[in-house]
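Observations on the three-dimensional arrangement
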Amino acid sequence: MLMESTEETCLMCHGGVDPRMRDHIAPESLRRLKDLRPQFEAPYGHKLGTAEIHRRGEELPEVDPNLARHVTCLDCHDAHRTLRSPARLEGSNDQAPSTLKDEAFLHDVCLRCHGDSANLPVGARNIQSLLHPANRSYHPLLGPRRGIVDSPSLRAPWSTGGQLSCLDCHGSGDDRPGAHGSQNPSLLRETYHMVDAAGESELSYRLCYRCHARQSILADESFSMHRLHLTSPRAQTSCRTCHNAHGSREYDHLIEFDPMIVRPTRAGELEYDGTGGRQGTCRLTCHGFEHAPGRYCPPETPCDHGKVVEVGESSGAPRPFPADRPIVPDFGPGWGGAP
């Protein structure tokens, strides 16, 4: 009995108010309504138009690995009632009216599809497993950080004791709420080049620099070779080459080497060992240099940088990937990527 399809029925009010609805909406509500249609028309994000796959009463995460992925307004929202649930920061006690599905937190809604779903796309990863507080390191979304965390680059009002929301990194980046669509790959709020050779700039890593001060990173306050890796003409390394923004099961500091760029040494070693106090070692090959091991120390404490030798591209070390490499590190091909 809907006037239009499911999505178009929602967009009659939330996608530019349809003249048929205008007389039925209170003036104060009319002023608050945001036009979300431009978000859904953005090149990256949750693409509507698969409503026929949505099943009434379906349970998510999906347990059938053969069921096609889909997204509709009703996967995230309850159209008939407004809930009292945290609609913004996971670590906040503030309650705000929300039409989100009846979950405890916003991230619970996101993980209905991006967590333990049996039908994740080929190449996609379980985001919930990367964010798990039992990991060696993680961005604090499912729970606060454990112990003392050293992060000198963190900008106010962020703190090492706080928690994040999915919307801190994902969304349109404008004044329209929600994670509907974005101009940036992986539905990111800001630009984040996940390939090497893009060149360091405030624009290249604007997403990271929302929380981490660029001046601190380039001053090597947290890692004595940040500036070298980011700006060296031979490397121009992306943050993603060494870090996974969701989390790392094995290493501190979100260290997870991109296997498309970082390779083992000639002895077959590929590992990182953080020894505390902003120092550690790594054994790997990238950009034609073998670290067997490479060593770093606090900026104020000069030290032997270990055995870092040029072995050339013939060693099997990868060349920097071109800027048009598909960027689908966690969501998988076609999901959160280009239509």
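See above for the structure.
Residues numbered from 1 in each chain as written. Predicted model: local features only at pLDDT ≥ 70, side-chain atom pairs only at ≥ 80, totals over all residues. Heavy atoms only, no water.

This structure, assessed with the given rule, holds one disulfide. The partner cysteine of cysteine 297 in its disulfide is cysteine 303, sulfur to sulfur 2.0 Å. When the S-S torsion is 110°, as for the bridge of cysteine 297 with cysteine 303, the disulfide is right-handed. With no disulfide of its own, cysteine 10 lies closest to cysteine 73 among cysteine sulfurs, the gap being 3.8 Å. Cysteine 10 gets classed as partly exposed once you look at its relative accessible area, which sits at 24%. Cysteine 208 forms no disulfide, and the closest cysteine sulfur to it belongs to cysteine 239, at a distance of 4.1 Å. (Disulfide = S-S within 2.5 Å. Buried < 20%, exposed > 50% of the residue type's maximum accessible area, 1.4 Å probe, protein only.)

Of all the seven residues making up strand 8 (residues 280-286), six are buried; the element is thus mostly covered by neighbouring parts of the structure. Pairing analysis gives four bridges linking strand 7 (residues 271-274) to strand 8, with the strands arranged antiparallel. Within the sheet, the bridge partner assigned to tyrosine 272 lies in strand 8 and is cysteine 282. Sheet topology places strand 8 next to strand 9 (residues 289-296); six bridges connect them, and they run antiparallel. By the bridge assignment, cysteine 286 is partnered in strand 9 with phenylalanine 289. As consecutive antiparallel partners, strand 8 and strand 9 are separated by two residues, and within that stretch histidine 287 has a phi angle of approximately 55°, a positive value. (Helix = DSSP H or I, 4+ residues; strand = E, 2+ residues; numbered from the N terminus. Pairing = 2+ DSSP bridges.)

Spatially, four strands are ordered 7-8-9-10 in an open sheet, and the strand pairing comes out antiparallel. With one partner strand each, in any of the chains shown, strand 7 and strand 10 (306-310) form the two edges of the open sheet. When strand polarity is set aside, the average angle formed by the axes of neighbouring strands in this sheet is 20°. (Axes fitted to C-alpha atoms, helices over the stretch in contact; angles between N-to-C directions.)

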